[in-house]
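# Observations on the three-dimensional arrangement
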Amino acid sequence: QVQLVESGGGLVQTGGSLRLSCVASKRTTNVMGWFRQAPGKEREFVAAITWGGRYTYYGDSVKGRFTISRDNAKSTVYLQMNSLKPEDTAVYYCAASLVPTGNKDDYTTWGQGTQVTVSS
């Protein structure tokens, strides 16, 4: 089974940018997604991308600010986050699915998460 490792989280001021990376232990043709979870809240869909990168999907709260991309030669998925807001503060998780979906229950493999904190 593929393993996923996220990196790139940190502390940033409101309006700033961060780029998260998710490296897979082996090449995968899966749909790759990003989710986030803030304390006391449900895990929320952020973005997903199909294997070839042709199709991307975004949660309403990040549309126009976040961009998902992937480099299959490096087995890596990225999440470019711009215009960050305090409400973006959460642990961000990378996940793999067989289908393009925003439903977390359809994702079968998860990384350990990386913390993103946006200060006001």
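This text gives an overview of the structure that appears in the document. Predicted model, so just to flag it, every value in this text is computed and none were measured.

Another point: the overall build of the protein. When its secondary structure is counted, the protein shows 0 helices and 11 strands. Moving toward the C terminus, one meets the helices and strands of the protein in the order β-β-β-β-β-β-β-β-β-β-β. The C-alpha atoms of the protein give 13 Å as radius of gyration, which agrees with the globular expectation for 120 residues (14 Å, within 12%). Taking the principal axes of its C-alpha atoms as reference, the protein extends roughly 40 × 25 × 25 Å. Partitioning the contacts of the protein with sequence separation of at least 6, the portion at a separation of at least 24 is 56%. For the protein, the computed accessible surface area is about 6,200 Å², with 48% contributed by carbon and sulfur atoms. Here the protein holds 13 positive side-chain charges and 9 negative ones, and the gap between their average locations is 7 Å.

Quick look at the pattern of salt bridges now. Evaluated as defined, the whole model comprises 4 salt bridges. Close ionic contact of Arg-36 with Glu-44 constitutes a salt bridge, the shortest N to O distance being 2.8 Å. Here Arg-36 falls in the buried class, since its relative accessible area comes to 6%. In this structure Glu-44 comes out as partly exposed when scored by relative accessible area, which is 31%. Close ionic contact of Asp-88 with Arg-36 constitutes a salt bridge, the shortest N to O distance being 2.8 Å. Within this pair, whereas Asp-88 is found in the loop between strand S8 (76-81) and strand S9 (90-97), its partner Arg-36 is found in strand S4 (residues 31-37), the two being separated by 52 residues in sequence. Accessibility assignment for this pair places Asp-88 and Arg-36 in one class, buried.

Right, let's talk about the packing of aromatic side chains for a bit. What the rule picks out here adds up to 5 aromatic pairs. Between the aromatic rings of Phe-35 and Phe-45, the centroid separation amounts to 5.6 Å while the plane-to-plane angle is 70°, which identifies the pairing as edge-to-face. With Phe-35 in strand S4 and Phe-45 in strand S5 (residues 44-49), this pair connects stretches of sequence that are 10 residues apart. For the pair Phe-35 and Phe-45, one class covers both residues: buried. With a centroid separation of 6.4 Å and 80° between ring planes, the pair formed by Tyr-93 and Trp-110 is classed as edge-to-face. Taken together, the positions of Tyr-93 in strand S9 and Trp-110 in strand S10 (residues 107-110) put the pair 17 residues apart, joining distant regions of the chain.

We now examine the state of the cysteines. A covalent bond bridging the sulfur atoms of two cysteines is what the word disulfide describes. Tallying each qualifying case throughout the model produces 1 disulfide. Two residues share a disulfide in this structure: Cys-22 and Cys-94, whose sulfurs sit 2.1 Å from each other. The chirality of the disulfide connecting Cys-22 with Cys-94 is left-handed, given an S-S dihedral of about -75°. Of this pair, Cys-22 sits in strand S3 (residues 18-24) while Cys-94 is found in strand S9, placing the two residues 72 residues apart along the sequence. On the basis of relative accessibility, which here comes to 1%, the residue Cys-22 falls in the buried class.

Attention now goes to the environment of Arg-70. The residue Arg-70 is located in strand S7 (residues 66-71) in this model. Arg-70 gets classed as buried once you look at its relative accessible area, which sits at 15%. In sequence terms Arg-70 and Gly-53 are 17 residues apart; their C-alpha atoms lie 6.7 Å from each other. Residues in contact with Arg-70, not counting those within four places in the same chain, are Thr-28, Asn-30, Val-31, Met-32, Ile-49, Thr-50, Trp-51, Gly-53, Thr-76 and Val-77. Within polar-contact distance, the side chain of Arg-70 engages the backbone oxygen of Asn-30 at 2.9 Å. Separated by 3.5 Å, the side chain of Arg-70 and the backbone oxygen of Trp-51 make a polar contact.

Here is what the cut-offs are and how they apply
- Residues numbered from 1 in each chain as written.
- Predicted model: local features only at pLDDT ≥ 70, side-chain atom pairs only at ≥ 80, totals over all residues.
- Heavy atoms only, no water.
- Helix = DSSP H or I, 4+ residues; strand = E, 2+ residues; numbered from the N terminus.
- Rg over C-alpha atoms; globule rule 2.2 N^0.38 Å.
- Contact = heavy atoms within 4.5 Å.
- Areas by Shrake-Rupley, 256 points an atom, 1.4 Å probe, with all protein chains shown as cover.
- Lys, Arg positive; Asp, Glu negative; His and termini not counted.
- Charge placed at Lys NZ, Arg CZ, Asp CG, Glu CD.
- Salt bridge = Lys/Arg side-chain N within 4 Å of Asp/Glu carboxyl O.
- Buried < 20%, exposed > 50% of the residue type's maximum accessible area, 1.4 Å probe, protein only.
- Phe/Tyr/Trp six-rings, centres within 6.5 Å; stacked < 30°, edge-to-face > 60°.
- Disulfide = S-S within 2.5 Å.
- Polar contact = N/O pair within 3.5 Å; in protein donor to acceptor, adjacent residues only side chain to side chain.

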